[in-house]
Amino acid sequence: MNLLSLAVRNVARNRRRSLLTGGVVVFGFAAVALAGGFMSQSFEGLRDGTIRNGTGHLQIADPAFFEGNEDAALEHGLGDSEKAAAILAKDPAVLAVLPRIDFVGLATNGSRSVPYLGTGLDPGPEAQTMDTAKLLSSGAWFKDASERGVVLGSALAKSLNVKAGDSITLVATTTDGVLNAVDATVSGLAEIPIKELDERYLATTLSVASDLVAASGRVSKLAVVLREPADAKKALPRLVASLDSQGFHVAGKTWEELAGFYRQVRTLYLGIFGFMGLVLVVVVLLAAANTMMMAAAERTREIGTLRALGTRPSSIKRMFLLEGLILALAGCAGGAVVSLLIRVILNNIGLTLPPPPGVSHGMPLHVNIYPLAYAAGLVLMVATLVAASWFPARKAARISIIEALAHV
Amino acid sequence: MSAPILAGRGLTRTYLLGETEVKALSGVDVTVSRGEFLVLQGPSGSGKTTLINLLGLLDRPDGGSLDLDGRPVAALDENARADLRRDRFGFVFQSFNLVAVLTARENVEYPMMLQGVAKDERKRRASELLASVGLSSKEGVRPDLLSGGQRQRVAVARALANQPEVILADEPTANLDTKTADEVLDLMTSVNAERQVAFVLSSHDPRVVARARRVLTLHDGRIIGPAA
């Protein structure tokens, strides 16, 4: 027998009440663990989607490119892009360098013209490192860099009333501000998850884009895919410095700086779940405080006896805090089991969440095992239970012995 | 006669009952010597329990002084008083006051645990003490399954756990039937005789008073005889 075993027995003394409080802790822990797992899965999915839908881990371009809109195509273009790409590709952290030409214009099927947001790209590395090629609902990705084709967002294709194999004409202004047009074949249609983008998405090979805007070897930017996503912040200054040393005047941004949508969703989720977490903590705190106060009140005479026998006030306080800790740890253990069970059920019933604003497809519900959420749940529940035990523990430790012994 | 273990001079204690001041003790002089068997008698409200509480360092007097082995205890902090209670005193209560979640043996072990006695030694001594009060067969039994007399005998064994010099017992037989009360008193007198532990009992039971070697009679917070 020691103080710990006495605390364990005190917790077990009123089983029903301890089970109810433990149940609240189980619920609280499971909620934190599951919400954390869901958020982690959402953030991971959104991050990967952002990176693999064209952003890459880093983007490198002329510094003016990042400062505002261009009045003409490639106004702030990067010259000698092949050399710059080769320099970047030498860095051991770099998996692929994807040159891009951004342009805007009108696509026409002869009878109807629809505005588009165009990207000229190198189809081989794009298909290997990005997901756009996997989003095709019909047709095929570009066979090689010389193909005179376009991939359209399915909503844009619908507006133009074209399908894979049809011909369209692209109209855009060149770098000199002259109106230019090229013919292209629709190679494939892609289901772009963001609705507004799906209505404007157009991808083509660098050669078609270059002809259309008269790029003359310039690109808008270089998207860089790294071997390890976590290296982005570290790699960026190094890559910019290596280009600077070769005479390029460039700037760069990480995917996180470029992905405004990701940041907004993350902030929104953290706000919602943070508020829910706060409510949860208050509920657990009140339930646990009620339990501990009742336990202290019921055991007043016993506390007086223990004090009379020579127990120091600090030991009485420690005993009550230990009881809170035991309840928290037992509840967290139960919560971990419950959250793992719920996770298995949720991940196997094939639930799809409704699409968030601006996104055309719902997201399949999947809850990750996110160790940090489990650790956060444990810390949160332990801190809450210890806080809930603090006042009753302090009160029990300070009680007058003779008043406690006379308590009925 | 040896120097007293406890010596109280002019002890006073006043309580607030609602807004009314109740003078529970009014200038009491008392001494407790090694190995004596002292009974405090008097009607309810005479101050017996208050005096027991002051002598056992469970409460502090409003006035007067209390010395333990000739040293004043008034200035001691709560921890020091707790340590003195643990090491020098044993307590027996009217309602037994055993810890409900501990077995009989564990209840006896508890004061030893506070003193830091090793686990095996604690168990051995607790078993011996329970045997000495005739409860060997009840070591693993929790208090709610013991009779009143058995509980009080466990309480006596617990009071003896740290080999105290004084055992303070407030109305120890009040909740016991006549036969059991006699058994508990027999136990206390034999412990007093064998171990030279001083007993201070409060009671208005004539059978308890009859066992006393010294009796103090209290009335309205004063000792009215015989002299301390």
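In this report, the structure presented in the accompanying data block is examined. (Residues numbered from 1 in each chain as written. Chains lettered and ligands numbered in written order. Predicted model: local features only at pLDDT ≥ 70, side-chain atom pairs only at ≥ 80, totals over all residues. Heavy atoms only, no water.)

### Notes on the sheet that holds strand β10 (residues 222-225) of chain B
All names here are of chain B.
And step 1. Strand order across the open sheet formed by six strands is β6-β7-β8-β3-β9-β10, with mixed pairing between neighbours. Edge positions in the open sheet fall to β6 (89-92) and β10, since each of these has one partner strand only. Averaged over all pairs of adjacent strands, the angle between their axes in this sheet comes to 25°, without regard to strand direction.
And step 2. Where strand β7 (residues 166-170) and strand β8 (residues 198-202) come together, five bridges link them in parallel fashion. Paired with valine 166 across the bridge in β8 is alanine 198. (Pairing = 2+ DSSP bridges. Helix = DSSP H or I, 4+ residues; strand = E, 2+ residues; numbered from the N terminus. Axes fitted to C-alpha atoms, helices over the stretch in contact; angles between N-to-C directions.)

### A closer look at the pattern of salt bridges
And step 1. All told, the structure shown has 36 salt bridges over all chains when counted by the stated rule.
And step 2. A salt bridge links A:Arg47 to A:Asp48, with the nearest nitrogen and oxygen atoms 3.3 Å apart.
And step 3. A residue is classified by how much of its surface remains accessible, and A:Arg47, at 28% relative accessible area, is partly exposed.
And step 4. Across the pair A:Asp131 and A:Arg52 runs a salt bridge, and its minimum N-O distance is 3.2 Å. Here A:Asp131 is found in the loop between α4 (123-129) and β4 (136-139), whereas its partner A:Arg52 is found in helix α2 (residues 15-55), with 79 residues between them in sequence.
And step 5. Residue classification places A:Asp131 among the buried residues on the basis of a relative accessible area of 18%.
And step 6. Take A:Arg52: its relative accessible area is 29%, and that puts it in the partly exposed class.
And step 7. Salt bridges sharing partners connect three or more residues here, namely B:Asp182, B:Asp186, B:Asp205, B:Arg207 and B:Arg211. (Salt bridge = Lys/Arg side-chain N within 4 Å of Asp/Glu carboxyl O. Buried < 20%, exposed > 50% of the residue type's maximum accessible area, 1.4 Å probe, protein only.)

### A word on the nonpolar core
And step 1. One finds A:Tyr116, A:Leu152 and A:Leu170 to be the most contacted residues of the largest nonpolar core, which totals 59 residues.
And step 2. The leading source of residues in this core is helix α8 (residues 232-245) of chain A, at six residues.
And step 3. Apart from residues lying up to four places away in sequence, A:Tyr116 is in contact with A:Phe103, A:Val104, A:Gly105, A:Leu106, A:Ala107, A:Leu156, A:Leu170, A:Val171, A:Ala172, A:Arg200, A:Leu202 and A:Leu212.
And step 4. Of all hydrophobic cores here, the second largest spans 40 residues; its members include A:Leu306, A:Ala336, A:Ala393 and B:Val99. (Core = buried A, V, L, I, M, F, W, Y, C linked by side-chain atoms within 4.5 Å. Contact = heavy atoms within 4.5 Å.)

### Examining the packing of aromatic side chains
And step 1. Evaluation of the coordinates by the stated rule reveals 13 aromatic pairs over all chains.
And step 2. Centroid distance A:Phe43 to A:Tyr262: 6.5 Å. Interplanar angle 65°. Geometry classified as edge-to-face. Placement of A:Phe43 in helix α2 and of A:Tyr262 in helix α10 (residues 260-298) is noted, with a sequence separation of 219 residues between them. As far as burial versus exposure is concerned, A:Phe43 and A:Tyr262 are alike and both buried.
And step 3. Where B:Phe89 meets B:Phe91, the ring centres are 6.4 Å apart and the plane angle is 65°; that geometry is what we call edge-to-face. (Phe/Tyr/Trp six-rings, centres within 6.5 Å; stacked < 30°, edge-to-face > 60°.)

### Regarding the packing of helix α3 (residues 104-115) of chain B against helix α4 (residues 119-132) of chain B
Residue and element names in this part refer to chain B.
And step 1. Closest axis-to-axis distance for the α3/α4 pair is 9 Å, and the angle between their directions is 130°. With respect to their mutual orientation, α3 and α4 come out oblique. Note that α3 runs across α4; the crossing there is right-handed. Mapping the contact onto sequence places Ala104, Arg105, Val108, Glu109, Met112, Met113 and Gln115 in α3 and Arg122, Lys123, Arg125, Ala126, Ser127, Leu129 and Leu130 in α4.
And step 2. Tallied by class, the residues present in the contact of α3 with α4 amount to seven nonpolar, two polar and five charged. (Parallel < 35°, antiparallel > 145°, perpendicular 65-115°, else oblique. Left-handed = near helix turned anticlockwise from the far one by under 90°. Nonpolar A, V, L, I, M, F, W, Y, C, P; charged D, E, K, R; others polar.)

### Digging into the sheet that holds strand β2 (residues 20-32) of chain B
Residues and elements named next belong to chain B.
And step 1. Sheet architecture is open: four strands sit in the order β2-β1-β4-β5, paired in antiparallel fashion. Only two strands of the sheet have a single neighbouring strand rather than two, namely β2 and β5 (71-72).
And step 2. Here helix α1 (residues 48-55) sits on the sheet in contact with β1 (6-17), β2 and β4 (63-68), set at roughly 60° to β2.

### Quick notes on the interface of chain B and chain A
And step 1. The interface of chain B with chain A comprises 29 residues on the first partner and 21 residues on the second.
And step 2. Both faces combined, the contact of chain B with chain A buries some 2,300 Å², and carbon together with sulfur accounts for 61% of it.
And step 3. Between the two partners, chain B and chain A, sit three salt bridges.
And step 4. In this structure, the connection of chain B to chain A is made through nine residue pairs in polar contact (both at pLDDT 80 or more).
And step 5. Of all elements in the fold, only β1, α2 (78-88), α3 and α4 of chain B reach the threshold of two or more residues within the side of chain B that touches chain A. (Buried area = accessible area lost by both parts, 1.4 Å probe. Polar contact = N/O pair within 3.5 Å; in protein donor to acceptor, adjacent residues only side chain to side chain.)

### Some details on unusual backbone geometry
And step 1. Backbone geometry at A:Asp80 places phi at a positive 50°, although glycine is not the residue there.
And step 2. Relative to the assigned elements, A:Asp80 resides in the loop between β1 (58-61) and α3 (81-89).
And step 3. The partly exposed category is assigned to A:Asp80, whose relative accessible area is 47%.
And step 4. Even without being a glycine, B:Asn97 presents a positive backbone phi close to 55°.
And step 5. Structurally, B:Asn97 can be placed in the loop between β6 and α3.

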